[in-house]
Amino acid sequence: MRFPFALISSSVSFGLNSSSRLTSRHLYPLSSKSQRSTLTTFFNWQPPMATAEESLRRALADKQSAVEAQGNAVRALKAAKASKPEIDAAIEALNGLKLEKSSIEKQLQAAVSGNDGDAALSREAFRQAAVNTLERRLFYIPSFKIYRGVAGLYDYGPPGCAVKSNVLAFWRQHFVLEENMLEVDCPCVTPEVVLRASGHVDKFTDLMVKDEKTGTCYRADHLLKDFCNEKLQKDLSVSAEKAAELKHVLATLDDLSAEELGAKIKEYGITAPDTKNPLSDPYPFNLMFQTSIGPSGLSPGYMRPETAQGIFVNFKDLYYYNGNKLPFAAAQIGQAFRNEISPRQGLLRVREFTLAEIEHFVDPEDKSHPKYSEVVNLEFLMFPREEQMSGQSAKRTRLGDAVSKGTVNNETLGYFIGRVYLFLTCLGIDKDRLRFRQHLANEMAHYAADCWDAEIECSYGWIECVGIADRSAYDLRAHTEKSGVPLVAAEKFLEPREVEKLAIAPVKKELGLAFKGNQKKVVEALEAMSEKEALEMKAALESKGEVEFYVCTLGKNVPIKKNMVSISKEIKKEHQRVFTPSVIEPSFGIGRIIYCLFEHSFYTRPSKAGDEQLNVFRFPPLVAPIKCTVFPLVQNQQYEHVAKVISKSLTAAGISHKIDITGTSIGKRYARTDELGVPFAITVDSTKDVTIRERDSKLQVRVDVEEAASVVKSVTDGHRTWEDVWANYPHHTSGSADD
Ligand code: AMP
């Protein structure tokens, strides 16, 4: 039995499992699995091995029984008018038992909230402080706010736009430029046929329930998950067996069919959270926004739920553009639309978001990568499937070891995992709160060779921000089949190769006589036989002289005689090998990365007077929305003139900056810009030289006016470090930078 403890504990301790129930990455397997799975598989589970929490639950239940028994004993003694010392002794024993029970309750409370009862509270408080600052300073705001907003839609304000554009610029530099990727930009409106071929029209669904009276919609798995988490965390009277069952439900949530989810919702008596009204049975809701293309309404379309399909349908032209050579990668940045049933968690689950996707096309027989050696020695937290199943936690692992042991399926997948690690950590994601988690078998598409998610820990738990999947040849095959255009690559041989090939030659004259108007369909079906089918037919024809053959386009069996088809093995000379390339796909949720970056960068520190907490974002210069501020220390024409000269030089150097000539105190001006994460401030306090202050250390150096812009440019461009500047320029010592 599979019992992924690690997953369970993360959803219990954080009250959230970040993965979407049915995303495009596991579009096919889940739906086919939910069709396959039965109630029997779900209910035939065994309780897992005892954990500390379970022992505590058992101990608590035992102690509760002991308290009740002792209570009865006291009552019986009183009723029997026993002697006072006898009754007192029994009461003392009862009080002792109650104390022991309360001690177990405390231990259990600590165990269910991750041994860290206050952590959940401080996570909430931290998030509140960060989100308040982000919304107040217009990093992002609920869209259409004056009309009370729409759930799951957000606007980026000026600093948010700047951060997003910096993240995307770095993404282009780190991936598109570095790997010579072919960038494309395809429409968001997509004709139905494309998304039917990809499987989205039929399978891109989440299970939904409705409040039977008000019609309000909820995601069925979210309601069940919230119920289980709440019971586990808040109801200490839940028995060890029941707790194990609830945890099992949490662990298998993604596997439950509509019927199983409905049965659990009924069994647990779950009602609509807002009204407590009864709920409908779960049913699939397609997450795509439907539209029609053109005024006739006859051409159905959808807003794309991912950007990848635009790349797949262009494969033939891109391959030609690349000189008919593999491997190559195409990339696309663009909006994706998913009509999430109940969006929550701010920017983490929204209805329109920016995706940056790479489709790296590679020969399935050679998944090596020329630049693999550049990432092989990177070490970071990896969480392979086996370690999740056996209840271990993510471990620091050398990427090369994970690839050579086969934990990561191939070098190219490993290469991209390494590049994603470098990308995220350069942006400012804390490497200790970043892990690469391998998909469990039940999360992965049947055709996928291997999948890893870059998960970032934030106040909501571990969040999938980048999916890195080896999708084999699935997507190109699906579009080849539907469009009739072969999306294939060819390897030209230096010398022609002799290969044994099966030749199926239908005898059209005989087939025509036998099947008349249906001849063409029978011929096509014979030619489409797999090698195995053809060899079986050959053997049957040789032994029996006639076989029944199913022609799906006719929908029936037809008799095939020996004289109607010749099946033989021939030696042929081949000049090339034609194959469908495999696709390795890193898919980046830009909004999720940015939100996690906001949380990882946010901190507070006391003001100089110690009377308030000031907010700071420690963005690295690479992503900071504004790189530098320029302040005249006091309102004075000469200083203002110097400030304007420096501002001009910064503009010429392409450094985004803000000039503040208001008379506000310098400390307040610093606090305002720290809240925007501006890394450097130039304060003009003389006409010859100025101070440059670094945001986090608050250290200041003195630099000539003429040099100020170039010093700031060199640190923001990453050509030198602040430590280097600090070591090479005179220090400004007149009190604290905030004075
Ligand atoms: P998927 O195609 O479902 O694997 O999603 C690709 C990436 O898009 C994920 O790794 C997430 O970072 C991001 N993502 C998926 N759904 C949402 C959503 N509703 N809101 C924001 N980001 C999302």
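Here the structure is a predicted model, which is why all the values come from computation and not from measurement.

Draft legend 1. View of the domain arrangement of the protein chain. As assigned here, the protein chain comprises domain 1 (52–113), domain 2 (115–186 + 305–488 + 580–609), domain 3 (205–286), domain 4 (495–579) and domain 5 (626–728). Distance between the C-alpha centres of domain 1 and domain 2: 52 Å.

Draft legend 2. Representation of the sheet that holds strand E6 (residues 217–219) within the structure. A sheet is described by the order of its strands in space; here 3 strands give the open sequence E6-E5-E7, paired in antiparallel fashion. Since the sheet does not close on itself, it has two edges, and those belong to E6 and strand E7 (283–286), each with one partner. Within the sheet, the average angular offset between the axes of one strand and its neighbour, ignoring direction, is 55°. As paired elements, strand E5 (residues 205–210) and E7 share 4 bridges and run antiparallel to each other. Bridged to Leu207 within E7 is Pro284. Along the sheet face, helix H10 (residues 220–234) touches E5 and E6 and points at about 65° away from the line of E6.

Draft legend 3. Examining the packing of aromatic side chains more closely. Using the criterion set out here, one finds 29 aromatic pairs in the structure. Ring geometry for Phe175 and Phe423: centres 5.4 Å apart, planes at 55°, overall tilted. Taken together, the residues span a long stretch of sequence, with Phe175 in helix H7 (residues 158–177) and Phe423 in helix H17 (residues 411–427) at a distance of 248 residues. Owing to a relative accessible area of 0%, Phe175 belongs among the buried residues under this scheme. Within the aromatic cluster, the residues linked to one another by ring pairs are Phe126, Phe139, Tyr140, Tyr154, Phe598, Phe602, Phe617 and Phe619. The aromatic ring of Trp462 is capped on one face by Arg435, whose charged end is 4.2 Å from the ring centroid. Over the face of the ring belonging to Tyr670 we find Arg693, whose NZ or CZ atom lies 4.1 Å from the ring centre.

Draft legend 4. Representation of the sheet that holds strand E8 (residues 290–292). What the 3 strands build is an open sheet, ordered E4-E9-E8; its pairing is antiparallel. Every other strand in the sheet has two partners, leaving strand E4 (189–191) and E8 as the edge strands with one partner each. The average undirected angle you get between the axes of adjacent strands in this sheet is 40°.

About the cut-offs
- Residues numbered from 1 in each chain as written.
- Predicted model: local features only at pLDDT ≥ 70, side-chain atom pairs only at ≥ 80, totals over all residues.
- Heavy atoms only, no water.
- Domains from an automatic or database assignment.
- Pairing = 2+ DSSP bridges.
- Helix = DSSP H or I, 4+ residues; strand = E, 2+ residues; numbered from the N terminus.
- Axes fitted to C-alpha atoms, helices over the stretch in contact; angles between N-to-C directions.
- Contact = heavy atoms within 4.5 Å.
- Phe/Tyr/Trp six-rings, centres within 6.5 Å; stacked < 30°, edge-to-face > 60°.
- Buried < 20%, exposed > 50% of the residue type's maximum accessible area, 1.4 Å probe, protein only.
- Lys NZ or Arg CZ within 6 Å of the ring centre and 35° of its normal.

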